[in-house]
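# A structural walkthrough
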Amino acid sequence: NGFLIVGGDFTSFDSVVARGVVRLRTDGSVDKTFDAGMGANGPVFSVQVAGNDGKIVVGGEFTSMNGDTNYVRVVRLNGDGTVAASFQPSGGPNDIVHTVSLQSDGKIIIGGGFTAVGSITNINRFARLTAAGDLDPTFNIGSGANRFVASSLVQQDGGVVIAGSFTSVNNTIQNRIARLNGGGNIGIG
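Because the structure is predicted, anything quoted here is derived from the model rather than measured. (Residues numbered from 1 in each chain as written. Predicted model: local features only at pLDDT ≥ 70, side-chain atom pairs only at ≥ 80, totals over all residues. Heavy atoms only, no water.)

To continue, consider the pairing of strand S8 (residues 97-102). Examined bridge by bridge, S8 and strand S9 (residues 108-112) share five bridges and lie antiparallel to one another. In the strand pairing of S9, Val97 is matched with Gly112. Here S8 hands over to S9 after five residues, with Gly106 in that stretch at a positive phi of 90°. (Pairing = 2+ DSSP bridges. Helix = DSSP H or I, 4+ residues; strand = E, 2+ residues; numbered from the N terminus.)

This is the structure we're talking about:
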């Protein structure tokens, strides 16, 4: 619709109360029909609008969205700003999510400084979540990245490119950029 979703570390935007995420109209004014309630209780670093359903995936440093502590560092919002009821994760990442990318099947690639998602440990700095928000066990990252993942991009063939301060991914030398296949492994395929 030409509107723009903005995320960041703010509590208001153009004198309108909006914590961490806001939608702007084509003229730059705040769209007051987009209401995330109390919003994020910490910075939002990444915002992605899903395909045709208009849902928005948000990642950051927050530990609650609209006062609900079930949404830790990643959440899916409806087009009106409310939390999507279909997004019911069993626990979020244990540290910052700096990047969110969406796959065509609704799955969510996240990257950042985390080393666990929910109760699952050794999820080092990038992971794939199901459309419902849970860790996707079919995405095999091995030992993950040895340092921070700052950016991610889903390619048309299902591959995922990650970039950041890492020097290895799954114990393979990868200086700051790596391409993963659709299953999470390094390489093409």
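Attention now moves to the pattern of salt bridges. In this structure the tally under the stated criterion is five salt bridges. We note a salt bridge from Asp136 to Lys107, for which the minimum N-O separation is 3.1 Å. In this pair, Asp136 is assigned in the loop between strand S12 (126-129) and strand S13 (149-154) and Lys107 in the loop between S8 and S9, connecting sequence segments 29 residues apart. Here Arg128 ties to Asp136 by a salt bridge, and the two come within 2.8 Å at their closest N and O atoms. The same class applies to Arg128 and to Asp136, which are both buried. (Salt bridge = Lys/Arg side-chain N within 4 Å of Asp/Glu carboxyl O. Buried < 20%, exposed > 50% of the residue type's maximum accessible area, 1.4 Å probe, protein only.)

Burial within strand S6 (residues 56-60) is extensive, with five of its five residues counted as buried. With burial as the criterion, each face of S6 is covered, one bearing Ile56, Val58 and Gly60 and the other bearing Val57 and Gly59. Relative to S6, strand S5 (residues 44-49) is paired through five bridges, and the arrangement is antiparallel. Note on S6: the bridge partner recorded for Ser46 is Gly59. Two strands pair when backbone bridges link them, and S6 and strand S7 (residues 74-77) are joined in this way by four bridges, in the antiparallel orientation. Note that in S7 the partner of Gly59 across the bridge is Val74.

A complete count under the given rule lists three aromatic pairs for this structure. Taking 5.7 Å as the distance between ring centres and 65° as the angle between the ring planes, the aromatic pair formed by Phe10 and Phe13 counts as edge-to-face. For Phe13, a relative accessible area of 24% puts it in the partly exposed group. For the ring pair Phe126 and Phe139, a centre distance of 6.5 Å and an interplane angle of 80° mean the geometry is edge-to-face. With a gap of 13 residues between them, Phe126 in strand S12 and Phe139 in the loop between S12 and S13 connect regions that are remote in the sequence. With respect to burial, Phe126 and Phe139 carry one shared label: buried. (Phe/Tyr/Trp six-rings, centres within 6.5 Å; stacked < 30°, edge-to-face > 60°.)

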